[in-house]
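Survey of secondary and tertiary structure
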Amino acid sequence: MKSLSLTITDWFRSRFPVDRDSILLSLQEPVPNHLKKWWWCLGGMPAYLFVVQVVTGIMLAFYYVPDPSQAYESVWRISHEIPFGWWVRSLHKWSANLMIVTVILHVMRVYFTAAYRKPRELNWIFGAVLLIVTLVFGFTGYTLVYEQLSYWGATVATNLAEAVPVIGDFLARFIRGGDVVGASTITRFYILHIIILPTAIAIFLVLHIMMVRKHGVTELHFKDEKPGAEKTFRFFPDHILTELMIGIGLLIAISAIAVIFPPELQEKANPLVTPAHIKPEWYFYFTFRWLKLTGLTMAMVTLGLAGAIFVFWPLVEPLINRLFKRDVSIPIGIIAVIGILALTIWEAIAY
Ligand code: HEM
């Protein structure tokens, strides 16, 4: 007589087209040897952190109230009254910041190893959309707390939108839901933060990983490679094990950081009093310093242009290389990193 487990397996197989063998077969893909080194696997980290964001975000959504008259108070309740609320909020905040750090490191790895070149141009563009969505995710989340600085940060950001040529006024009103940051803005940012942006990340993440699977990961060669040695190893179980270890390490790290440095709650937003020093979150320091240096319209135009060059870099690069008659991607990358770092540090230490 058939065992119960076999009967259940047969029942599922005849109704659901995916079984264990086909999943195992799809996981047999060989991956290049350099992925044994964990720092070449940085792309997996933001994916892990996104899952942490979704889980902790759902927990926070049970208690957060998206209304200017109660938003700040509901965050206070999460931090001080709801059991373990401070911990969940801290995990959410730290993994958001770490997600941005790891995406930036991943972009640097991809850029400086020229892994965006043919046939991976489109995947770079999908990745760039992921970076932009991740940054907007952070910005909308920060605004939801409705602190004085986050309120005025949102005011500056939406004023920036106003400076966009031709469509500026419409764009700013559309984002704010009115002339100033208020109840409609919170509702819009909340919908963006809990529905539109997570869905966009999920869709682009699937596209991104599908493309990585289609083209494979760029093969790189190192001096310590033995001649004639196997150039690839198995995705399952070997690479999955590396990713699992990275994931567990990451979870331990953010749990520890979340406990040691729980987020504070600053002063409540006051739309009638502009603070003496407005500062956005650290990942927008460079844009804010640039804005102070160049003025609203100039900043919008130059940042828009730089953003477009970044998104379409794999298509722009050949034109620039042709202009200079040699490969200038590395010097351009180094100048961009130093420039962004310098503006960020300047803004961080300046009043
Ligand atoms: C939420 C954000 C992101 C996630 C979760 C993610 C995930 C991944 C993963 C898992 C890989 C496989 C190799 C590796 O781990 O390095 C990968 C490769 C790649 N990513 Fe991302 N990525 C993200 C953002 C970006 C961004 C912002 C860019 C560029 C603007 C980008 C461009 C690429 C490219 C071109 C590859 C292929 C690299 C190669 O063939 O070596 N990704 N990504």
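In this report, the structure presented in the accompanying data block is examined. Quick caveat, the model's predicted, so the values are computed rather than measured. (Residues numbered from 1 in each chain as written. Predicted model: local features only at pLDDT ≥ 70, side-chain atom pairs only at ≥ 80, totals over all residues.)

Our focus in this paragraph is the environment of Thr158. Inspection of the secondary structure assignment puts Thr158 in helix α7 (residues 148-162). Considered as a pair, Thr158 and Val180 are 22 residues apart in the sequence and their alpha carbons are 8.7 Å apart. With sequence-adjacent residues up to four places away left out, Thr158 is seen in contact with Ala172, Ile175, Arg176 and Val181. (Helix = DSSP H or I, 4+ residues; strand = E, 2+ residues; numbered from the N terminus. Contact = placed C-beta atoms within 7 Å.)

Next up on the list: the site of the ligand. Close contacts around the ligand come from 25 residues, with Gly43, Ala115, Gly127, Leu131 and Thr218 the closest. Secondary-structure elements contributing two or more residues to the shell around the ligand are α3 (44-61), α5 (85-112), α6 (121-144) and α9 (183-215). In terms of residue count, α6 provides more of the shell around the ligand than any other element does, seven residues in total. Residues of the shell around the ligand, tallied by class, amount to 16 nonpolar, eight polar and one charged. (Near = placed C-beta within 6 Å. Nonpolar A, V, L, I, M, F, W, Y, C, P; charged D, E, K, R; others polar.)

Further remarks concern the packing of α7 against helix α8 (residues 168-176). Viewed as axis vectors pointing N to C, α7 and α8 meet at an angle of 150°, and their least axial separation amounts to 7 Å. Taken together, the axes of α7 and α8 are roughly antiparallel relative to one another. Only Gly168, Asp169, Leu171, Ala172, Ile175 and Arg176 of α8 make contact with α7, whose side of the interface consists of Thr158, Ala161 and Glu162. Partitioning the contact of α7 with α8 into residue classes produces four nonpolar, two polar and three charged. (Axes fitted to C-alpha atoms, helices over the stretch in contact; angles between N-to-C directions. Parallel < 35°, antiparallel > 145°, perpendicular 65-115°, else oblique.)

To continue, consider the nonpolar core. Ranked by internal contacts, the top residues of the largest apolar core, which has 44 residues, are Leu49, Met99, Leu144 and Tyr146. At the level of elements, α3, α4 (71-80), α5, α6, α7, α9 and α10 (235-260) are the ones that each hand at least two residues to this core. Ignoring sequence-local partners within four residues, the contact set of Leu49 consists of Ser95, Leu98, Met99 and Thr102. Residues Phe286, Phe288, Trp290 and Leu291 belong to the second largest nonpolar core, which totals five residues. (Core = buried A, V, L, I, M, F, W, Y, C linked by C-beta atoms within 7 Å. Buried ≥ 20, exposed ≤ 12 C-beta atoms within 10 Å, placed from the backbone.)

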